[in-house]
Structure formats: structure tokens, C-alpha cells
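Structural overview for review
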Amino acid sequence: MIAQILRDSRVIVNVGSGGVGKTTVSAAMALGAAIAGRKSLVMTIDPARRLANALGIENSAFGSDHPFEVDAARFAEAGVACDGRFFAMMLNHKETFDRLVDRYAPSVESAESLKENPWYQQMSTALAGAQDYMAVSRLHELVETGAYDLIVLDTPPTANAIDFLEAPERLMGVLNFQPLQWFQKHVSDEGSQAGRLLRWGGASLLRALGRVTGREVIDDVSQLLQELGGLYDGFRLHAQETEKLLRAPHSQFFMVTAPQRTSILEALFFQKRLLEARMPFAGFWVNRVPGYLRHGEGWLALVNETDLPSEQAIEVALRGLPSMQGEQGALGTIARELRAYHRFVYAAAELAHREIVFLRERAIGKPFVGRLPLVNEEIHDLVGLARLSQTLLQGGVAPTTFPDSEHST
Amino acid sequence: MLEHLLSKQLIINMGKGGVGKSAVSAMLARAAAARGKRVLVCEINAKERMSQYLGGTPPEEDDSLDQIWSAHERISVVNIRPAPAMKEYVVQVLGMRLLYNLVFENRLIRYFLRAVPGLQELIFIGKVWFHVEEDKVKGAPRFDLVILDAPSTGHGLALLRIAKVVLDTVPAGPMRQAAEKIQRMLLDPRMTCINLVCLPEEMPTNETIELCQKIREELKMPLGALFLNQWPRHPLDPESSEHPMLETAAERLFHRLNQDAQREPELVALALAAEGGLHRLNKARGYLLELVREVKLPTYTLPRLPQPEDHDLRGMMKTLMEVCQHSTPFAVSDLASMEQVGRRG
């Protein structure tokens, strides 16, 4: 099922709270598609340039807001066979905003005047959710070019994952010409009836706002908003097209989460919101699940209390090892500590397992829930990413220590 | 330890999403309260979670008011949200209730205000300033210490930066006056310290180093300490492992057990789990060294503790507080001796 999504989707959007490894999962998804022969792109918007780190590429290669191809030599060097082509990019939301302004401003002059406004520079960060909006806009632009078989969007880390869905609506609210026009009228025409009413009420609108922000700010921002108001129709059309793109059958949303209660509650909440917004929800990925011991090509289960080797057995096993010459006296201590540590690891894995069961029980419908193992090596190169791609294509890993009948691969 | 932080009036905890800023904020609040200080923890437009860390019952969210509630003895919490913070600014700081009722309740005005660049950030940090400086009971500040659990990196930086932006762009007026007061507070090393919170992993480490440079060089604001959260447990009890060679020997041993195909799988699993633990610990030490070298701040490691089954994290906060109080933070001078740093995991 997952392999099919990576083979057939044109757009995959990964959402989730910060710190769950969303960027890595996104890169691995796009890489998986490339390895399978598609032309794929991963888009990330992150000032810390995590993707650049994840791919082991110098920061200077990114930041241009344009896709950058991970070249064949790099794959060869890493020993990863890739039949397709793999692109990555860092989103630069100011450049995206500039392009949108150029495209939708009523005239060249108005676009230029807007970009020269001192407050315009602050605009993209000031508008709540503007980053999210820019991410989706850029996604839309790149889908329109038709240059990629699959684009994976790693959404910006937001305090609240639903910002992503509400961003266009919110931006439209700010740009909405009608209230602005209303407001403008009162700013420019203090003789109007409403203006008189407000003065009569004890404070003019202008004086009132001026007290909070200062009069100069009001003037600058009023002008900026008036100019932005001219973009409204274009932006609205753009937002509608973008929304259509996200709802299209070849688009899929994945929720990336961690096996901890806070992340899982957030993931559940967001699934609800996605379904309410009628977005195509493909499932959950629980990332960095503890309790997986890589052994050869597979995984070895953790040992429960009953099967835990005795201190004596461990000591006997240790005694024969040549590297332990001269340490014989400490073997008893090591044996005891190894047992204690294993119990600690086992308990952590068991707790994580229970959290995943909790997620499955509370999730709406019977969505896909994939597990990605916590491994010793952090993933920061193509080899690591390719291995994660493999795991993703297989629908994640099966539980080894706590077998679980419901698990589907 | 921690005294050098708790003597300030404002502590700001910064870091990437998911690194444990809220936990560090709660832990420091506990440490200050234990010294008899009255503490206010400020969260910014966050989902409530301080009750998990500190206890107490948060009030129902009310859009007209940000309620300060009591979470623990001498510890209060407030979640600063855009609309109520704006109201308080106008009503309490400017003393204009009538104006608020007339103008700010208007939906259209709200659209406009939302578009005033940086106003929201200014209101947020302005409210923090209010609790530090102005919020007085009988002439004395209501709280001895305000701890700001900042939003993650980008939004957190916007909050620290906004006063300077206003000073650079706005020539005069109340917005500028507010910015001047805020900037004075943020730049004063006797009043304020900014802590960094990080995990011993590659990406948070890189982001923390960048963040630290921005705060130190661009913003020139006073830095306090670095908290390295989720420090992995040592597979062997470091207290009992006196022999420095023991760890190396143990590591080789795990390899041998793992490679020996004749072994029963339980023994191999035991060795693998411990080897994985040692591996993670060694990686973590690498990040610790890099962080101490680059950020040059006293650095506390906070152990990764098992999550309690009932998700009540109060006990965990107490443990973390005790760990910090009984440990000497790492400093640049420790770098000279890698062995020493390694041993103190």
C-alpha cells in the first residue's frame, strides 16, 4: 500500500509537530521514489537547513528557492543504486512572496511600490501562517511546471500543526478587500458619518489606533494594505487552486509523530482536522520507535524478565573472551549492570509500544500506522536515507518485542 | 548550582521544537520556588502543558482574558494569547478601557491589527516586560522571577528581535516607547538571561550553535546556560565503573558477543542493547564537546528519565532539579581534558 503511494502519488505532504524527524522522513520518501525510478523532489522550509544536513550537502548549495539535484556521483560514492533522479530544495518564502506579488499585482508599478514599502520586508513573518502559505504556493508552482513525478513537502514546524490548513484562509482574511476598503475610507475621510460617530464616541479611530501603534505605523501599514488589497483577487484564485491541488486524488497527507503521549495526542487531533477539511489522509508514521536491535539484515527482539540470562550465565559468557583479560574481577559487576540496563531498555520499548496501541485505538477509521525504528546511527547521509526509504517502502517495521496481531505491513 | 541563573528577574528558554524547553522552564521554576522565590512561567500561545509538569488545574480558556493560575507553591503560570494580550495592553498599560470597547472589539479592526507587522510579537514580549517590571503589588514586583518558555527557534527569535526592529523602523510614538523599555530589559545582563535548550543529536546541535551566534552577535543579549536534555543513560553504572578502561573493554566485549553466532539470542540481545546504549552515549558526548566549544556557556546535562505511566511529570521535574543542583556544569575549561568530559556522562 505504501509502496503504491510512493509509486503513484504526485504530491505527498508530511505534517507533524517539531522534533519528530519529519524532514528526514520526507527526504527518505522522495529518495525512495527516486530509487524506484521516479523523478522526485523534497521541499523543506527550515532556517536551520536541516535537509542540507540530512543530505550531507554544504549549506551553500541551498537557499536559492530552486530545486537542486543530488548528482549521480554522490549516489555512486554512497553505493546507492538510483534509477530515477532526486532533487531537494530549501524554500525561501520571501522570494515566493515576491513572485506572487509580481504575478498578481494589478500593474508593474503597483508591484514595485509594494516591494519598496518599508513594512513589506516584515510582511512574510508578520502574517500568521504566511510561511505555511508560501510553502503550499511554491508546491503549487512546482507541480504546475510538471517537471517532477513526485513532490514531497515537509511542512514548516509550527507550534500548532493546524496552522498549515488555516494559513490561506487567514491570509485571505487579512487581504480581504472589503474590510480594508471600509477601513481605508475612514482613514482617508475623517468627515464621514462613521468617522463622526467615532469622534462623537470619544476617540477617533485614528487617534485610538495611533495611541497603540503610533501614527506613522498606521500610515505605512494602511498604504501597504491598500496595495496588498489589489492582490486579493489573484491570491484568492491561487488559494483555491492550491486547495484543489491538496485535495486531488494524487495527493496524500501523512502525519509523522513520535511514540510519546504529547506527540500522539497532537497527531490524533490533527488527523481529525485533516478529515474535517476533507484532505486525503494516508496514515501515521511513528518515528524513532525504541526496542529494535539490528542483527544482520533483521531485528532481534528484546528479552523479557523471564528469559533474561542470569548473572552467572553472563559472567560465564564474558569470561572466555580474550578482550576481558585483566578485567575478570569486574565481570560480576558488568553482568549485573547489563541486566539492569536491559530492563531499562525493555521498559522504555514497552511504554512506546503502548503509546502506539493507544494511537491506533483512538485514531479515526482504521488508518495505516507505520513504525520506523530508533536506530543507533542518526540519519545524515544518503546511505542512511536509502535504508530508511527501504523501511518506508515496506510499510515500516513489524513489532519484534511486543508482537501485535493488528499490525499490518 | 543554578544560582547564577535564578538571581535574574527574567529567564528566557530558547530552542528548537521538541527539545524540552517547557520541561526546563518547569524545572527552573521549581528550583526558584524551592529558594522561596515567587515565580511566573509565561507560555506564548501554547497548548497548556504546565499542569503536567507542575500540577494545579489550569482555568478554562477565555478569549477576553489571560488568567494567571497557580500551579504549585509559589509558582504561577500564564499562557499569553494574542487577543487577550492586546486587550490587556490597551486596558492596563494604556489605561483605555473605553477605547478598547469602542474600537478593538471590532472585527475589522482586528483584521487590520493582525496585519501590523510585528505588533503581535511586540504585544507578547511587552506583556512579559509588564510582568517583570510593572506588575506590582504594594510597590514591589508581584513576581521575583519570570520564566519565558519561548516558542521554537524562528518564532522565538522574532520575539527577541521585534523591539530592535521597531526601534529601527518606527520614528516615534507609543509603539516605539514600548520597544525602548523592552529592549533595555532584554539587553541588561543583571536582569535577563537567555538559556538554550538542546538535545545531544546532530540537528538540534547545529541549530543551537546557529541560534547562539545570532543571540550573542546579532542581538547582543545576555546568555545564561545551555541545557542538554535527554542525556542517555550509561549502560554500566558510571558510579561503580571506576576503571577508565572498563568502558572500552565492555564495548569490545559487546562486539564479540554480537559476532559470535553460537551465542544464544538472549545474550546477543543483551549485548546489542548495551552496545547501542554505549554508542548513543558516545555520540552524545561528541555533541556535548562540540556544543561546549561553540556556545561557550555553562552546560548542564539532564538525564533521559523513563516516562511515568500516568503521564504525571511532577516527580520527573523534581529529579531533574536535584540533578542540576548537585552537578557542576561543563565549561570551556573542561575541554582541555576530553577524558574528564567523557567520564562525567
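What follows deals with the packing of helix α16 (residues 311–319) of chain A against helix α17 (residues 331–362) of chain A. A pair of packed helices is characterised by two quantities: the angle between their axes and the separation of those axes. Residues and elements named next belong to chain A. Taken N-terminus to C-terminus, the directions of α16 and α17 make an angle of 125°; their axes are 9 Å apart at the nearest point. Judged by the inter-axis angle, α16 sits oblique to α17. By crossing handedness, the relation of α16 to α17 is classed as right-handed. Touching E311, I314, E315, L318 and R319 of α16 are L331, G332, I334, A335, R336, L338 and R339, all from α17.

A few words on the nonpolar core. A30(A) and I151(A) are the most contacted members of the largest nonpolar core, which has 203 residues in total. The element that contributes the greatest number of residues to this core is helix α12 (residues 265–295) of chain B, accounting for 16 residues. Lining this core are residues from two domains, each supplying at least three of them: domain 1 (2–165 + 248–292 + 364–393) and domain 2 (302–362) of chain A.

What follows is about the pairing of strand β1 (residues 11–15) of chain A. Residue and element names in this part refer to chain A. The element β1 is largely enclosed, with a buried count of five among its five residues. In this sheet, strand β6 (residues 251–257) lies alongside β1 in parallel orientation, the contact comprising five bridges. Its bridge partner being in β6, V15 is matched across the sheet by M255. Taken together, the four bridges between β1 and strand β5 (residues 150–154) define a ladder with parallel strand orientation. By the bridge assignment, N14 is partnered in β5 with D154.

The next point concerns the sheet that holds strand β7 (residues 281–289) of chain A. Residues and elements named next belong to chain A. Overall, mixed pairing links the eight strands, which are arranged β3-β4-β2-β5-β1-β6-β7-β10 in an open sheet. The open sheet is flanked by β3 (68–69) and β10 (369–373), the only strands paired with a single partner. Judged from the two bridges that link them, β3 and strand β4 (residues 85–90) form a sheet pairing that is antiparallel. Paired with E69 across the bridge in β4 is F87.

Turning our attention to the domain arrangement of chain A. Residues and elements named next belong to chain A. When the domains of chain A are assigned, the result is domain 1 (2–165 + 248–292 + 364–393) and domain 2 (302–362). At the interface, 13 residues of domain 1 touch 10 residues of domain 2. When residues of the side of domain 1 that touches domain 2 are traced back to their parent elements, those giving at least two are α15 (261–276), β7 and β10. Counting residues per element, the side of domain 1 that touches domain 2 draws most heavily on α15, which supplies four residues. The residue makeup of the side of domain 1 that touches domain 2, split by class, is nine nonpolar, two polar and two charged.

Moving on: helix α14 (residues 232–247) of chain A. Residues and elements named next belong to chain A. Here α14 is 16 residues long and its end C-alpha atoms lie 22 Å apart, about the 22 Å a rise of 1.5 Å per residue gives. Along α14, the residues that are buried comprise F235, H238, A239 and L246. What you see down the axis of α14 is that its buried residues fit within an arc of 100°, all on one side. Opposite its buried face, α14 presents the exposed residues L237, Q240, K244 and R247, each directed more than 90 degrees away.

Residue and element names in this part refer to chain B. Reading across from one edge, β3-β4-β2-β7-β1-β8-β9-β10 is the order of the eight strands in this open sheet, with mixed pairing throughout. On the outer flanks of this sheet lie β3 (69–72) and β10 (299–303), each paired with one strand and no other. Neighbour to neighbour, the strand axes of the sheet diverge by 25° on average, direction disregarded. Two elements, strand β2 (residues 39–44) and strand β7 (residues 145–149), share five bridges in a ladder whose sense is parallel. The residue bridging V41 from the neighbouring strand is I147, located in β7. Helix-sheet contacts for helix α10 (residues 202–219) involve β1 (10–14), β8 (192–198) and β9 (223–231), and the interaxial angle to β8 is about 165°.

A few words on the packing of helix α2 (residues 22–35) of chain A against helix α18 (residues 382–393) of chain A. Residues and elements named next belong to chain A. One way to put it is that α2 packs onto α18 with a least axis distance of 8 Å and a crossing angle of 80°. Considered as vectors, α2 and α18 are oriented roughly perpendicular to each other. Contact with α2, carried on its side by T24, A27, A28, M29, L31, G32 and I35, involves L385, A386, L388, S389, L392 and L393 of α18 and no other residues of that element. Here the contact of α2 with α18 is composed, by residue class, of 10 nonpolar, three polar and no charged.

Rules used throughout
- Residues numbered from 1 in each chain as written.
- Chains lettered and ligands numbered in written order.
- Predicted model: local features only at pLDDT ≥ 70, side-chain atom pairs only at ≥ 80, totals over all residues.
- Axes fitted to C-alpha atoms, helices over the stretch in contact; angles between N-to-C directions.
- Helix = DSSP H or I, 4+ residues; strand = E, 2+ residues; numbered from the N terminus.
- Parallel < 35°, antiparallel > 145°, perpendicular 65-115°, else oblique.
- Left-handed = near helix turned anticlockwise from the far one by under 90°.
- Contact = placed C-beta atoms within 7 Å.
- Core = buried A, V, L, I, M, F, W, Y, C linked by C-beta atoms within 7 Å.
- Buried ≥ 20, exposed ≤ 12 C-beta atoms within 10 Å, placed from the backbone.
- Domains from an automatic or database assignment.
- Pairing = 2+ DSSP bridges.
- Nonpolar A, V, L, I, M, F, W, Y, C, P; charged D, E, K, R; others polar.
- Expected span 1.5 Å × (residues − 1).
- Arc of directions from axis to C-beta.

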